[in-house]
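An overview of the molecular structure
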Amino acid sequence: MEYRPKVTGSERILHPDDPALHLVGDSAAIEEVRSLIRYAAATTIPVMITGPSGCGKEVVAKALHRCSLRADEKFVGVNCGAIPRDLLESELFGHEKGSFTGAIAQRIGQFEDASKGTLFLDEIGDMPFDMQVKLLRVLEEKQIERIGSTQSIAIDTRIISATHQNLDQAISEHRFREDLFYRLSVFPIDIPALKDRREDIAPLIRHFIAKIGGEAIYFSAEAMDILENYAWPGNARELLNIIERAVLLFPEMMISADQVSSLFRRRASNAPSYQADALPARFSGAGEVRPFKHDSDHRGSLGGGFDLKKHLMQEERKYLLSALRMAEGVVAEAAHLVSLRRTTFVEKMRRHKIERRMALTDPRSGMVTGSIRSE
């Protein structure tokens with residue numbers, strides 16, 4: 001079930017299932033974004049969403065569309081930075097058959113496709129300068145012409161744009177047109193970085209776990225301190241990546257501070273390194289347990305003949321297997337992850353009948369997913 005933020009009695013909502021409330025977070029910043037969405041939803045004016053990469057700009061754009069009077073029409077998204085320069089005009093405005101080499105059929109552009117609905121122009125700051133001129137003309141005249149055609153087509157498209165760039169600087173450097181900026185940014189919405197709204201981290205974790213599904217995972221108080229005090233340079237997208245990894249590696253387990261730290265350390269060698277200085281100087285709330293999925297209590301019941309020894313053996317086996325998976329079968333590295341000597345780790349593997357190849361076996365499908373790294 002999707003995590004839904006608390007709603008206070010004083011909130012004005014558009015209808016009982018207000019899509020703006022689907023934005024996950026309890027911070028004042030997210031509450032402000034919800035309010036701005038409600039104001040903008042009642043109009044058709046262009047909206048520009050700004051914020052760092054990975055902060056959820058497309059999520060906000062979709063929430064705005066769902067709140068608007070165009071909710072029953074199409075939401076069409078275009079990443080202006082991902083489309084090759086020579087194809088962007090055709091992507092936005094369409095083309096006629098034979099208008100250029102490779103145009104083997106007529107194509108309807110995204111502006112025309114989204115007419116009556118919403119067109120989301122993501123990474124608008126990456127749009128080539130010459131295309132900015134053509135976009136400005138379309139916004140002013142509310143008409144498009146397909147490449148190879150002289151016929152104008154009237155459009156009624158609500159424009160939402162987004163960028164992680166500083167457009168004021170881009171304008172001063174003549175990389176972005178000032179007149180286009182004013183046309184697009186009639187109603188600005190800014191999303192702060194995740195590090196500036198740490199109250200949203202716990203709700204986002206609950207939301208991501210519910211979204212991913214699978215087995216329950218739990219975080220100790222110390223592990224949560226790490227997650228809530230990390231700098232999150234990749235914002236919510238990076239948090240989702242960490243939670244996906246945690247669900248895969250530690251199903252139905254209580255995740256410790258060391259294990260959370262290992263989720264950061266197991267990045268690819270060419271990725272940014274884990275920022276040790278982002279950890280809190282000391283942990284608080286020792287011994288507190290914060291579950292993040294409540295389908296069932298995996299800790300069992302003290303009644304009904306609970307076998308503590310068997311339970312602890314099962315948990316130990318899960319930890320050993322998880323460490324082997326993270327270490328890609330390298331026993332010495334797996335032993336280091338759980339703070340054991342290699343010989344002790346090997347002895348425990350024998351006791352639990354664990355083989356190195358099990359590190360590559362998906363616990364759900366039973367399929368082998370890779371090859372063992374050499375020691």
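This text follows the structure it describes.
To keep things clear, this report deals only with the structure shown in the data block. Position labels on residues start from 1 in each chain and follow its written sequence. With the structure being a predicted model, the display of local features is reserved for residues of pLDDT at least 70 and the display and counting of side-chain atom pairs for 80 or more, all residues being used for whole-chain, interface and lining totals. Side-chain numbers here rest on the full set of heavy atoms in the structure, without hydrogens or water.

A word on the pairing of strand β9 (residues 187–190). Alternating positions in β9 separate cleanly, F187 and I189 being buried on one face and P188 and D190 remaining unburied on the opposite face. Strand pairing is assigned whenever DSSP detects at least two bridges linking the two strands. Where helices and strands are cited, they refer to DSSP runs of H or I of at least four residues and of E of at least two residues respectively, numbered from the N terminus. The sheet contact formed by strand β1 (residues 47–50) and β9 spans four bridges and is parallel. When the sheet's bridge partners are listed, T50 is paired in β9 with D190. Exposure classes here rest on a 1.4 Å probe applied to the protein chains alone. A residue is buried below 20% of its type maximum, exposed above 50%, and partly exposed in between.

We now examine the nonpolar core. As a rule of thumb, nonpolar side chains are buried together in soluble globular proteins. The set of buried Ala, Val, Leu, Ile, Met, Phe, Trp, Tyr and Cys residues whose side-chain atoms join them within 4.5 Å is what this entry labels a nonpolar core. Core analysis: the largest hydrophobic core is formed by 45 residues, its most contacted members being I205, F219, L227, W232, L239 and F345. Breaking this core down by element, the ones donating at least two residues are α8 (201–212), α9 (221–229), α10 (235–249), α11 (257–265), α12 (308–326), α13 (331–337) and α14 (342–351). Ranked by the residues each element gives to this core, the list is headed by α10, at seven residues. Listed in part, the 29 residues of the second largest apolar core include V76, A114, M131 and L139.

Mapped onto the fold, V60 is located in helix α2 (residues 57–67). Judged by its relative accessible area of 5%, V60 falls in the buried class. Along the chain, V60 and A162 lie 102 residues apart, while their C-alpha atoms are 10.0 Å from each other. Every residue in contact with V60, bar those within four places of it in the chain, is listed here: L23, V33, I37, I49 and I191. In what follows, a contact means two residues having at least one pair of non-hydrogen atoms within 4.5 Å.

Turning our eyes to something else, we now look at the sheet that holds strand β2 (residues 75–79). Taken in spatial order, the five strands line up as β2-β5-β8-β1-β9 in an open sheet, and their pairing is parallel. Each edge of the sheet is formed by a strand with only one pairing partner; in this case those strands are β2 and β9. Direction aside, neighbouring strands of the sheet carry axes that sit 20° apart on average. The pairing of β1 with strand β8 (residues 158–163) spans four bridges and is parallel. Paired with I49 across the strands is A162, a residue of β8. Inter-axis angles, ranging from 0 to 180 degrees, are taken between N-to-C directions of lines fitted to C-alpha atoms, where helices are fitted over the stretch in contact. The sheet strands contacting helix α1 (residues 28–41) are β1, β8 and β9, and the helix crosses β9 at an angle near 160°.

This part is about the environment of R34. As for its placement among the helices and strands, R34 is situated in helix α1. Overall, the relative accessible area of 1% leaves R34 in the buried class. When the C-alpha positions of R34 and A63 are compared, they lie 9.0 Å apart, and in sequence the two are 29 residues distant. A distance of 2.8 Å separates a polar atom in the side chain of R34 from a polar atom in the side chain of E31. Polar contact is the term for a pair of N or O atoms within 3.5 Å; when the atoms are in protein, one must be able to donate a hydrogen and the other to accept it, and sequence-neighboring residues count only if both atoms are side-chain atoms.

That is the geometry; function is a separate question.
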